[in-house]
Each structure stands twice: as structure tokens, then as C-alpha cells.
Amino acid sequence: MSLFTLILFSGLTMGAIYALLGVGIVLIRNATGILNLAAGDCFLIGAFLSITLSRLHVPLAVIIITVLAVQAILGYGIDFILERWMARATLVIKLLGTVAIAVVLSGLELLLWGRNPTTMERYIPTNFDSGWLQSLDPQSAALIAGAVLVGIALFLFLDRTSAGRAMRAAATDSTGAAASGVNVTFYRISAFVLAGMIAGLGGLLAAPIILVDFTMGLGFALLGLIAALIGGMTILGTLAAGLTLGTIEALVTVYGSDVFRDAVVFALLIAYLLAAQGITFLREARK
Amino acid sequence: MTRSTILLSCGALLLIGASPLWMSDDLLRFTTTLLIYALAAIGLDLMYGIAGLLSLGHAVFFGIGTYVTGLLLVKGDSGILFAVLGGVLSATIGGIAAFTIGAIGLLRRAQYFTIVTLAAVGIVFSVINGSAWTGGPSGLTGIRKGFGVNPAIMDLWLFYLSLILVFLFILLIRNFKNASHGRALRLAKTLEAAAHSYGFSVYGNRLRAVVLGGAIAGLAGSLFALSLGAASPEFAGLTQSIDLLLMVIIGGAGSIWGVIPGVLIVRGLPEFVQAVRDWQVLILGLLMLLVLIRFPLGIAGTLELYWKQRARLKAEATKPGRHGGADPDAMQGAPTIDHHPSGSAPLAATPRIQDENSPLLALEHIGKKFGGIQALHDVSITVQKGSLHALIGPNGAGKSTLLNCITGLFRPTTGTIMFNGVDVSALSAEARAEMGMSRTFQLLELAPELTITENVKLGAYRRQRNRFLSSLVLGVHSREEVELERETARVLAQYGLSEIARDLPKTVAVGLQRLSGVARCVLSGADLILLDEPAAGLNPVETAVLGKRLRELVGTDTTIILIEHDMKLIMDIADVISVLVNGSHLRTGGPTAIREDKEVIAAYLGSELED
């Protein structure tokens, strides 16, 4: 297998994490306008929880159910803080609220899991036995597949089912949707719960692949946010953007310089923001 | 300020100022770093607390400051001169970095600034962390080597320098907050469009605030490098940025001095109480959440509020019993309004056109279509200078639409608008305001975070001549601010608003909020004031006061266009009345003529005049 394929694969693996976080950020942003910077710490909580449970030799199925349940409650709690307790705050202050939640969660991680980076034992042990897939890590493959499946399933749900359409209606025009009998509050909470569960799933899938520690949350949230922004706040766009972002990172690390990996990604974001600003400007100028 | 607070603050200052006498060397050095963090946080509070721009990358400027000074002293030469040069360069480059980030981040709405600052942390941190010339992850050391100064003496200098800078910048920025530009920046936080309509350049002034905040942080970074003798990439990292933010939020955003309790909690607590080490992050996060949910003003702001309330209660207890409502002096209409105080007044009034013959405002064949609906149809009305011209008509007659066309919020579909003999049809609302129009809105537009006095003062923004920097240095002590304070107090008294002058709009009756809007127009010194239902929500006594004031205003050569449903008020004070029905101009004439006009009665007045 060529080096290039390997790089591509490891890039897609990280990209899958960004995509999963990004998709959750898109759900919450579309439902409330808030950019959720606590997403990365939700992801970390999922990862830490999986690690602890697996060390206690809890069966995988139980781990999955526990993580998803805890993350659902976490998502609900975040909604409660931002949309009940801080309901009348401006968007900027709610954004600040997500930062505060991120700090609280990372404080919990520090308290419960300590300062040292840690990881999870692999739970998909078999390697693919034949052909070019042989040297690929099945654990990473599961993560990539998970991200793609979640993205597509979410897209189909929002696009094709009546519940999904109601959710989108509640997000785009809450008063209009409420007037036509859509329970806006229910769908808003659903967005938070769903985003929490997706982040948890990401944590569960990524825990055996990466080393996690309590300081990483905001960094991951930021990369998810970049994926969501470049993906135009759409589900499939974010999926593609996240995977691409991871790949670019990996390519820069190997062929460019490791240290400028982040710089390139963030420069990309700023270039994107400027380009988007330029397009809006041109569009308005033409009117 | 009472005598006890003055004594208390003098005592605290003495204690801090004399701290080298009672502190150990280590404690003194630590206190210096606390002061330096406070200085950096002041820059952040200027951005967030005053300009409303949430930066999650403030450490970028701080880190740049440490590295600029560090590199200069390590790679260049050592010595006092280079240290001073390092400070200046650090502030400058911090400001340039802030300019770059601000210029991009302010292009879009609020949350985008935050994203750009986050991206900036990513870029700057990884460049510092990854470059050979910055010393990579291990950073720079030996910045203080070869200074030739006794380290203890140098620590002492740095302590006093930091102390002086912190107090200087607290004073300066608080001063700035309460003067022209700071006031308008705080307005723009919630009501950006309103800020534009006062002629305030939101983008430019936000950018200035960001640059100043970045420069302050750069200076703080420079001091930090000198104090520590080392620089590390973490100084520019995300954790450092969040710590600075925690100081500002917990301490009290917008209060500026809140950075002191803030830095004590965020940096002091874990240093002095070893037991909280592992709990530190959680505690700080919970504190921040608590502040955001329950005490949005933070420690300093909540204390200020408490002191203010206590002072007011005391004042009310000592004052003889008094009836609420409008100021009785004002109701007897004692001093006539001195609308444009002449002589040495530093507040320049807008120049008036001398030509007395031409009408002030001429509307010619104005039509306005919204989609298929013809809201206005061929309206031609002339408004004479120095008159009180009322616009009446049933609901939906197009009165507010016409007002919006005059002030430039709407572009009429057909027709021209001549103001002071100039065709203004194609000009923006801002440009028309610049030419001397000022208006109130049917919906309330007072900034929720500003007191009634501050809201009213905003009306005079256009007449103020202070620049961003002069309002930073002189601030509330500049001649024009002192003059404005006096003028505002006078206008508020005349409109019976003195009692509520220090209140926030949300605690004030809707009618009085509207009246505050009128007072603000008065203070703008505009030639033409357009009032949209100013008497709605006022009681009969307050309405009578308003009518009297408006007559006095017309007496000083100001022209008023008034939309109102209170027929008694209109008939009492209007010089000329124009009637609009279904978007068309029905009649214009004096009150008596209008009252007796058959068509007007049939269309509109009939029932209401019987009351």
C-alpha cells in the first residue's frame, strides 16, 4: 500500500471526527443560531466514558447504550442552560455560555480522569485479511464509516421524513412552524439531544484511535465548527468539509510541516470567510 | 462618593503601593504578574464589555507582546533602552495584529468576530510553537540576562510600572466608556442601526476599540516577558485566552475595574489555595456560568449596582416627601428652553440656512409602492420653517410611511423631497440626519444597557467634536462632555424626566420612554424634528407638558412634523395640519379650517371630535 493511501486514510480518520462534531454543530446552529463551542467537550466526555467502561469490562453493547444515554442527557442539559436559564440573552452571550459549559466539562474531565492523556483498548481487533485493505486499521475504518453513515442518515431524516421536515421548519421559521402546529420547543431540544448523542458516538468510535486529555475540547470544537462553516451549515456539506479538512491536515503534516498544520487549516477558514464575504458583497452590489 | 469610600480606597492604594515593604520577593513578583494579567484583561474588557465583541483569542496579542520584547532582548541587545523599545514595539505589533483580525472579523455579524479570533489563536500559536526562531515549544529564556541591573531593583520597577499602568488604563477606559464614543459603542452592541442613524461609524470605531485593546495586551505581554525573563508559546494559546476571558466575565464585563477581582479569582485563588488545584477549572467554569445566568454584571458590576441603589435609598430617605410624575417646576413652564446656548458653548450647533423665504421641506408628488400595494399616492406637502406641522389620518393612511420616506428609511417610488432647498431624494438616512433631521420611532429605540440620561445624550453625538483618542484621554472631563451633561440635565428637567434620569429604560413607563426619545431629538439640535406618536402612553398632565415644550421648541426656530392621534393636543399646538387618507393627501390647513372641513370630518375626524 502506498504512503499516499495511508496518509489519506489517517486524514479521513481525523476528518471523520471533525465531520461528526460539525454535524452536531450544524443541528444546533440551525435550530437556535448558537455556535456550540461545547461540542468538543461533549465528544471528550463520550470518549472518556467509553474508556472507563471498557476498563471495567462492560460489554460493548452496554457501553454504547450508556454513552448514548449520558450524551442525550448532556445535550438536554445544555439546552436547558442556554435556552431556559439564558433564554433572553443575546447570541454572543449564549456563545459565551457554550464556552463556559466547555470549561465546566473540561473541569469535570480533569477531576474525574486526571491530567494524563489516555486511550481505549481496541474493540474491533481483526484486521481485514485480504488485498489492499490489509494494512488499514479497522477501528479507523469504523470511525470513518460511522461518520458517513450518521451524516447520510441525518440528511435522509431531515430531508425525507415528516418529523425531519418539521424539525427543519421549526429551525428556519419558528413562529410560522409553531403557528402550523409544530412543537418548536420539542424539536429544539431534539437538536441538542441528537447533537449530544452524535458527539458521544464520535467519542466512542475515536477513543481507541486518539489519545484524549481534558485540554483538547475547544480545539476539537473549533475544527468541527470550521467544517460546519465551510460546509455551509448543511449536513452533507459539513460531512464533506470535515473529511476534506482532515485529509488536508494529514497532507500538510507529511508533505509540508507538522507545525504549520493548524496554521494552514485556520488560514483556510479565514480565506473561506473572506471569500464568502466577497460573494455576499458582489451579490448585494449587483442588486 | 462618600467620605468612607474615599478613605477606604486611599487606604487600599497605600497598602498596595507600599507592598514592597511588607511582601516577600516571591510574593511581589507574583503580584506583578497578577497586575500584568489585569492590564491585558482591561484590553479584553474594552473589546467585549464596551464594544460587545467577544474575543476568544486575546492571548494572541499578549503572546505577541512577550515574543516581540523577548526576541528583541535576546537576539538584539539588552538594557533599559531596549526594554522600553520592546514595550513600544510590542504594543504597536499587538495593535497591528488586532487591526488585521478586526478588519476581517468585523466584516460580518457578531459571532464571526469570535470565530476569526479563534482562528487567529490557532495560527499564531502554531507558528510560535513550530518556528525555530521563536525557540519552538520550549520558548525563549534569558530575556533578563545582561541587563546590568540588580534583579530585585528591576522587580521593584516592574511592580510599580505595572501598578501605575493598570490604574491609568482603568481610569482612561472608564472615562472613555462614559463619554461620546464609548456611549455610542455600547449603543451599537444592541442597536446597531440606531447607532448608524446618529452618524456613528460602527465598523470604524469598533475597529479602533479592537486595535486599542490589542495594543494594551501587547504592552502587558512585553511587561510579562521582562518580569518572567522567559516566553513560552502557551502565552499565546487558547487556555490563556480563556483565562483572560474568565477574568473579565467573572470580574464584571464592562466595569473595567472588575479585572482586579477577576484576576484575583482566576490566577490568585489557585496560587494561594493549593487544595483547589484540580478543582480549579471546574470552579472557574461554574463561576462563569453562574455569572452568565444569574449575575450578568459580574462581581464589579453587581457591586456597583448595589452601591448605586443604596445611595439612592439614602438620598430618598433624606429628601422631603415628594409626589411622583413630572417635575412640578417644569409643569409651570418656568424657564423657556434655551435651545442653542450661544457664547462659549463648545458644542457646535448645526449651521442653519439663512434663507427665510423658501420652505424647509417640500414633498413633491411622493408615491410609494410596496409590491402591489400603493401606500402613498401623489402626496405634495410643503412644511414652512419654524412651524409645527401635524400629520393626521386614520390608521393605515400612510403617515409613518411618509415619515420614513422623508427621513430616508424608505426610498419613495416616485416624487422628490427637497430639504433646505436641496434635493435629498437619493440620499441615505445617515446623510439626511447629517443635514439636520432627527426623529423618534413609533417603536421604542432606547438602548437597554444605557441609562435614560445616556440615551438622551446620544442625540448630541453628531454635534460632538471629540475624536476617538481625545474621548479616551479627556473623556467625561472634556469641555463638551461637561457642557453636554449640563444641557442634558436641563432638557430632562424641562420634560419632567429628572426623576428617572439615572434609570434604565426597562424600569421606566412606556410613555416616559417615548418622552425621552423626544428629549433626545431636542438635544440633537436638528432643524427638522419628526415625532411619531410621542404622546402615546402619556397621561393628560404629561401630554400637556409635552405640548408646551413642543411649542417652545418651535419658538426657537425648530421645525416639527408631528404624527399624533391625540386630537386635543394637535388642535391645541399645531400651526398647520395635513390630512392623509388612504395614502393620498386630502387637505392642508390651519386647525380651525381642518376642524370645520366637511370632507375631513367625513373621512376621519367626525366621531373623534365629538369626544
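Residues numbered from 1 in each chain as written. Chains lettered and ligands numbered in written order. Predicted model: local features only at pLDDT ≥ 70, side-chain atom pairs only at ≥ 80, totals over all residues.

**A word on the overall build of chain A**
In terms of helices and strands, chain A carries 11 helices and 0 strands. N-terminal to C-terminal, the α/β element order of chain A is α-α-α-α-α-α-α-α-α-α-α. Here the C-alpha atoms of chain A give a radius of gyration of 19 Å, agreeing with the 19 Å that 2.2 N^0.38 yields for 287 residues. Overall size of chain A, expressed as C-alpha extent along the three principal axes, is 55 × 50 × 35 Å. For chain A, the residues scored as buried account for 47% of the 287 residues in total. Long-range pairs, those at least 24 residues apart, make up 78% of the contacts in chain A between residues at least 6 apart in sequence. (Helix = DSSP H or I, 4+ residues; strand = E, 2+ residues; numbered from the N terminus. Rg over C-alpha atoms; globule rule 2.2 N^0.38 Å. Buried ≥ 20, exposed ≤ 12 C-beta atoms within 10 Å, placed from the backbone. Contact = placed C-beta atoms within 7 Å.)

**As for the overall build of chain B**
Of the regular secondary structure elements, chain B holds 25 helices and 10 strands. Principal-axis analysis of the C-alpha atoms gives chain B an extent of 95 × 55 × 50 Å. Out of the 611 residues belonging to chain B, those deemed buried represent 48%. Within chain B, residue pairs in contact and separated by at least 24 positions form 76% of the contacts whose partners lie at least 6 positions apart.

**Concerning helix α6 (residues 110–130) of chain B**
With 21 residues, α6 of chain B should cover 30 Å at 1.5 Å per step; its first-to-last C-alpha distance of 31 Å lies within 8% of that length. Burial within α6 of chain B is extensive, with 16 of its 21 residues counted as buried. (Expected span 1.5 Å × (residues − 1).)

**Here's the deal with the domain arrangement of chain B**
Residue and element names in this part refer to chain B. Under the domain assignment used here, chain B contains domain 1 (16–305) and domain 2 (361–610). The C-alpha-based centres of domain 1 and domain 2 are spaced at 44 Å. Taken residue by residue, the interface counts 22 residues in domain 1 and 24 residues in domain 2. Here the residues of the side of domain 1 that touches domain 2 are counted per class, giving 9 nonpolar, 9 polar and 4 charged. (Domains from an automatic or database assignment. Nonpolar A, V, L, I, M, F, W, Y, C, P; charged D, E, K, R; others polar.)

**Examining the interface of chain A and chain B**
Facing 38 residues of chain A, the contacting portion of chain B comprises 35 residues. Those elements that place two or more of their residues in the side of chain A that touches chain B are α3 (60–85), α4 (91–113), α9 (217–230) and α11 (261–286) of chain A. Grouping the amino acids of the side of chain A that touches chain B by side-chain chemistry returns 29 nonpolar, 7 polar and 2 charged.

**Some thoughts on the packing of α9 of chain A against helix α10 (residues 235–255) of chain A**
All names here are of chain A. Relative orientation of the contacting elements α9 and α10 amounts to 125°, with a least axis distance of 7 Å. In terms of orientation, α9 and α10 fall into the oblique class. Between α9 and α10 lies a crossing whose hand is right-handed. From α9, Leu223, Ile226, Ala227, Ala228 and Ile230 reach across to α10, where they touch Thr238, Ala241, Gly242 and Leu245. Grouping the amino acids of the contact of α9 with α10 by side-chain chemistry returns 7 nonpolar, 2 polar and no charged. (Axes fitted to C-alpha atoms, helices over the stretch in contact; angles between N-to-C directions. Parallel < 35°, antiparallel > 145°, perpendicular 65-115°, else oblique. Left-handed = near helix turned anticlockwise from the far one by under 90°.)

**Some thoughts on the environment of Gly298 of chain B**
All names here are of chain B. Mapped onto the secondary structure, Gly298 falls in helix α14 (residues 298–318). Here Gly298 falls in the buried class, since 27 other C-beta atoms lie within 10 Å of it. The spatial distance from the C-alpha of Gly298 to the C-alpha of Phe147 is 41 Å, given a sequence separation of 151 residues. The contact partners of Gly298, leaving out residues within four places of it in the chain, are Ile249, Ile250, Gly251, Gly252, Ala253, Ser255, Gly258 and Val291.

**Describing the nonpolar core**
Formed by 273 residues in total, the largest nonpolar core has its most connected members in Leu20 of chain A together with Ala38, Leu39, Ala41, Ile42 and Met288 of chain B. By residue number, the principal contributor to this core is helix α10 (residues 202–228) of chain B, which donates 15 residues. Of the residues that make up this core, three or more belong to each of domain 1 (16–305) and domain 2 (361–610) of chain B. Among residues more than four places away in sequence, those in contact with Leu20 of chain A are Ala147, Val150, Ile198, Ala199, Leu201 and Gly202 of chain A. (Core = buried A, V, L, I, M, F, W, Y, C linked by C-beta atoms within 7 Å.)

**Quick word on the environment of Leu512 of chain B**
Residues and elements named next belong to chain B. As for its position among the elements, Leu512 is in helix α21 (residues 510–524). Overall, the presence of 23 C-beta atoms within 10 Å leaves Leu512 in the buried class. Each C-alpha atom of the pair Leu512 and Gly496 lies 8.9 Å from the other, and the pair is 16 residues apart in sequence. If sequence neighbours within four positions are ignored, Leu512 has contacts with Leu497 and Ile500.

**Brief notes about the pairing of strand β3 (residues 388–392) of chain B**
Residues and elements named next belong to chain B. Of all 5 residues making up β3, 5 are buried, and the element is well covered by its neighbours. Every second residue of β3 is oriented toward a common face, with Leu388, Ala390 and Ile392 on one face and His389 and Leu391 on the other, all of them buried. When β3 meets strand β8 (residues 559–563), the two strands line up parallel, connected through 4 bridges. Paired with His389 across the two strands is Ile561, which belongs to β8. (Pairing = 2+ DSSP bridges.)

**Looking at unusual backbone geometry**
Phi at Met233 of chain A is positive, roughly 60°, even though this residue is not glycine. Among the structural elements, Met233 of chain A can be located in the loop between α9 and α10. For Met233 of chain A, a count of 16 C-beta atoms within 10 Å puts it in the partly exposed group. Although it is not a glycine, Asn420 of chain B sits at a positive phi angle of roughly 55°. With respect to the helices and strands, the residue Asn420 of chain B is situated in the loop between β4 (414–419) and β5 (422–423).

**Considering the confidence of the model for chain B**
Low pLDDT means the predicted coordinates in that region are not meant to be read closely. Residues and elements named next belong to chain B. Per-residue pLDDT for chain B has a mean of 85; in total, 91% of the residues score no lower than 70. Segment residues 321–346 is flagged for pLDDT under 50; beyond a separation of four residues in sequence, or across chains, it makes 35 contacts in the model. Overall, residues 350–354 carries pLDDT values under 50, and its contacts beyond four positions in sequence, including any with other chains, amount to 7 contacts. Confidence estimates for the predicted assembly give a pTM of 0.85 and an ipTM of 0.90. (pLDDT = per-residue confidence, 0-100.)

**Concerning helix α6 (residues 162–172) of chain A**
Residues and elements named next belong to chain A. Buried residues of α6: Ala166, Met167, Ala170 and Ala171, and no others. All buried residues of α6 project into a common sector of 140° when viewed along the axis, lining one side. For α6, the exposed residues set more than 90 degrees away from the buried face come down to Ser162 and Thr172. Those residues of α6 that are buried are in contact with α1 (3–32), α5 (138–160), α7 (174–179) and α8 (184–206). (Arc of directions from axis to C-beta.)

**Some words on the packing of α6 of chain A against α8 of chain A**
Residue and element names in this part refer to chain A. Viewed as axis vectors pointing N to C, α6 and α8 meet at an angle of 100°, and their least axial separation amounts to 9 Å. As judged from the angle between their axes, α6 and α8 are roughly perpendicular. Residues Ala166, Met167 and Ala170 of α6 form the contact with α8, whose own contacting residues are Val184, Tyr187, Arg188 and Ser190. Partitioned by chemical class, the residues of the contact of α6 with α8 number 5 nonpolar, 1 polar and 1 charged.

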